[in-house]
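Residue-level structural notes
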Amino acid sequence: MTTLSLCNPAPYERAMALEGVQLLEHLRTPALTVSNGQVSFANAAAKALLGAHIAGQDVRIAIRDPDAVAVIMSDTGGTANVSGLSVGGSEWEIDVFVLGNDERLISLYDLSVQVSVARAHADFVANASHELRTPLAAVFGYVETLLDTRAGGDEATREKFLKTIRHEAQRMQALVEDLMSLSRIEAIKHEVPSDTVDMVVVARETAGEFRDGTEIRVEANCDSAEISGDRGQLAQVLRNLMDNGRKYGKAGGPVTVTLEATATGWLLVAVRDEGPGIAPEHLPRLTERFYRADTSRSRAAGGTGLGLSIVKHIVERHRGRFDIASRPGKGTTASMMLPLRKN
């Protein structure tokens, strides 16, 4: 067995360097060392990110970013942000530590999720502000007109303006309620619901809430379909989907709700209308917050642009899958697969 002596520092330093390289190899964080501008070592995570060929490569070719290269080649090290290092739109932070005159240790940290969340939050706030600003502007405009004695003295005009104010106030109320609902759902999205819920019963009760003349049919291949869930949230899902079928389907209905328990342990719930349908390019984005396939029609019908986003979040909390299928002129079907409760 070889004993390292501090009186002979060269073998000791080589051994310490070898041990450091072995430690870097086990890191999940991409890490590499640079000697004289060349990549002298790259751990498995770095090779997976930048390619196995980077070992021995000029660092300016391995990392094609002027700001990052400038930090790497500097005498003090530091950090730099790089975009698109792995895939388009990704965001990375490069941390450079100077080991010696020509030696650098480089660590790479993926900030893509944090940046994406921050961007989504900013977009959400901007969209919510825009959605509230529009009805608020209408309310202020009509109120100011009513305060004008000339307009206020005309009873027909006054009644028309008051109805518009009420409509816009109802839009704001619906938006605030949906925002609060979405916030509550996201706060408990990781909590798996455990109550026993009979979806056949919930579907029939929810359909009975609509008394505006729209025909809502409930068809099931079983008398009972029990799942582990949150009854209030599942009723909210069905209410939203039925309401969408009523608003955007054929005037007067019908809207058909089918429940099919499968032998594989899943429950298929589908809500189908016979409306004009939705163009294919809109389908992938329908569950995005505030996205509307037909903005003017949605707002006229009282939609907030959050309904399907709420539906998707609830279905995912119940460990299910949600999908929307539609063809122009052939109607729309919104469906979800939920795991049946095991007895």
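A brief look at the structure comes next. The model shown is predicted, which means the values in this text are computed figures rather than measured ones. (Residues numbered from 1 in each chain as written. Predicted model: local features only at pLDDT ≥ 70, side-chain atom pairs only at ≥ 80, totals over all residues. Heavy atoms only, no water.)

Looking at the overall build of the chain
Secondary structure summary: the chain contains 11 helices and 12 strands in total. Out of the 343 residues in the chain, the part that is buried amounts to 38%. Long-range pairs, those at least 24 residues apart, make up 57% of the contacts in the chain with a sequence separation of at least 6. Carbon and sulfur atoms form 53% of the exposed surface of the chain, whose accessible area is close to 19,600 Å². (Helix = DSSP H or I, 4+ residues; strand = E, 2+ residues; numbered from the N terminus. Buried < 20%, exposed > 50% of the residue type's maximum accessible area, 1.4 Å probe, protein only. Contact = heavy atoms within 4.5 Å. Areas by Shrake-Rupley, 256 points an atom, 1.4 Å probe, with all protein chains shown as cover.)

Thoughts on the sheet that holds strand S12 (residues 332-339)
By definition, the strands of a sheet pair up through backbone hydrogen bonds, in either a parallel or an antiparallel sense. Strands sit in the order S7-S9-S10-S12-S11 across an open sheet of 5 strands; the sheet is mixed. Strands with a single pairing partner mark the edges of an open sheet, and in this sheet they are strand S7 (216-220) and strand S11 (321-326). Each neighbouring strand pair of the sheet contributes to a mean axis angle of 15°, computed without reference to strand direction. Across 6 bridges, S11 lies against S12 in antiparallel orientation. Paired with Arg321 across the bridge in S12 is Met337. Those strands touched by helix H8 (residues 199-207) are S7, strand S9 (255-261), strand S10 (266-273) and S12, and its axis lies near 170° from that of S7. (Pairing = 2+ DSSP bridges. Axes fitted to C-alpha atoms, helices over the stretch in contact; angles between N-to-C directions.)

Some remarks on the pairing of strand S4 (residues 91-98)
One ladder, built from 6 bridges, connects strand S3 (residues 78-83) with S4; its direction is antiparallel. Opposite Thr79, over in S4, you have Asp95 as the bridge partner. Hairpin connection from S4 to strand S5 (residues 103-110): 4 residues lie between these consecutive antiparallel strands.

Remarks on the sheet that holds strand S2 (residues 38-42)
Spatially, S2-S1-S5-S4-S3 is the arrangement adopted by the 5 strands of the open sheet, whose pairing is antiparallel. Looking along the sheet, the strands with just one partner apiece sit at the ends: S2 and S3. On average, adjacent strands in this sheet sit at an angle of 30° to one another, irrespective of strand direction. The sheet strands contacting helix H4 (residues 66-73) are S3, S4 and S5, and the helix crosses S3 at an angle near 160°.

Side note on the pattern of salt bridges
Taken as a whole, this structure holds 11 salt bridges when the rule is applied. A salt bridge links Arg171 to Glu168, with the nearest nitrogen and oxygen atoms 3.2 Å apart. One end of the pair is Arg171 and the other is Glu168, both in helix H7 (residues 155-187) and 3 residues apart, which spans about a single turn. For the residue pair Arg171 and Glu168, the accessibility class agrees, reading buried in each case. In this structure, Arg285 and Glu288 form a salt bridge, with 3.0 Å as the shortest nitrogen-oxygen distance. Judged by relative accessible area, Arg285 falls into the partly exposed class, the value being 39%. Here Glu288 falls in the partly exposed class, since its relative accessible area comes to 34%. (Salt bridge = Lys/Arg side-chain N within 4 Å of Asp/Glu carboxyl O.)

Describing the packing of H7 against helix H11 (residues 307-317)
For any two helices packed against each other, the geometry is given by the interaxial angle and the distance between the axes. Two numbers describe how H7 lies on H11: the axes approach to 10 Å, and their chain directions differ by 20°. The angle between H7 and H11 falls in the class roughly parallel. The two elements H7 and H11 meet at a crossing, and its hand is left-handed. Residues Asp178, Ser181, Leu182, Ile185 and Glu186 of H7 pack against Ser309, Ile310, His313 and Ile314 of H11. Among the residues making up the contact of H7 with H11, the classes are represented as 4 nonpolar, 3 polar and 2 charged. (Parallel < 35°, antiparallel > 145°, perpendicular 65-115°, else oblique. Left-handed = near helix turned anticlockwise from the far one by under 90°. Nonpolar A, V, L, I, M, F, W, Y, C, P; charged D, E, K, R; others polar.)

A short note on the environment of Arg64
Turning to its location among the elements, Arg64 is positioned in the loop between helix H3 (59-62) and H4. Classification of Arg64 as exposed rests on a relative accessible area of 69%. Only 3.4 Å separates the side chain of Arg64 from the backbone oxygen of Ile61, close enough to count as a polar contact. (Polar contact = N/O pair within 3.5 Å; in protein donor to acceptor, adjacent residues only side chain to side chain.)

Brief notes about the nonpolar core
In terms of nonpolar packing, the biggest core is built from 43 residues, with Met199, Leu238, Leu241, Leu259, Val269, Phe322 and Met336 touching the most fellow members. Among the elements of the structure, H7, H8, helix H9 (231-248), S9, S10, H11, S11 and S12 are those that each provide at least two residues to this core. Here this core takes 6 residues from H9, the largest share from any one element. Ignoring anything within four residues of it in the chain, the contact list for Phe322 reads Leu241, Thr287, Leu308, Val311, Lys312, Val315, Ala334, Ser335 and Met336. (Core = buried A, V, L, I, M, F, W, Y, C linked by side-chain atoms within 4.5 Å.)

Note that all results are geometric; they support no functional claim without further evidence.
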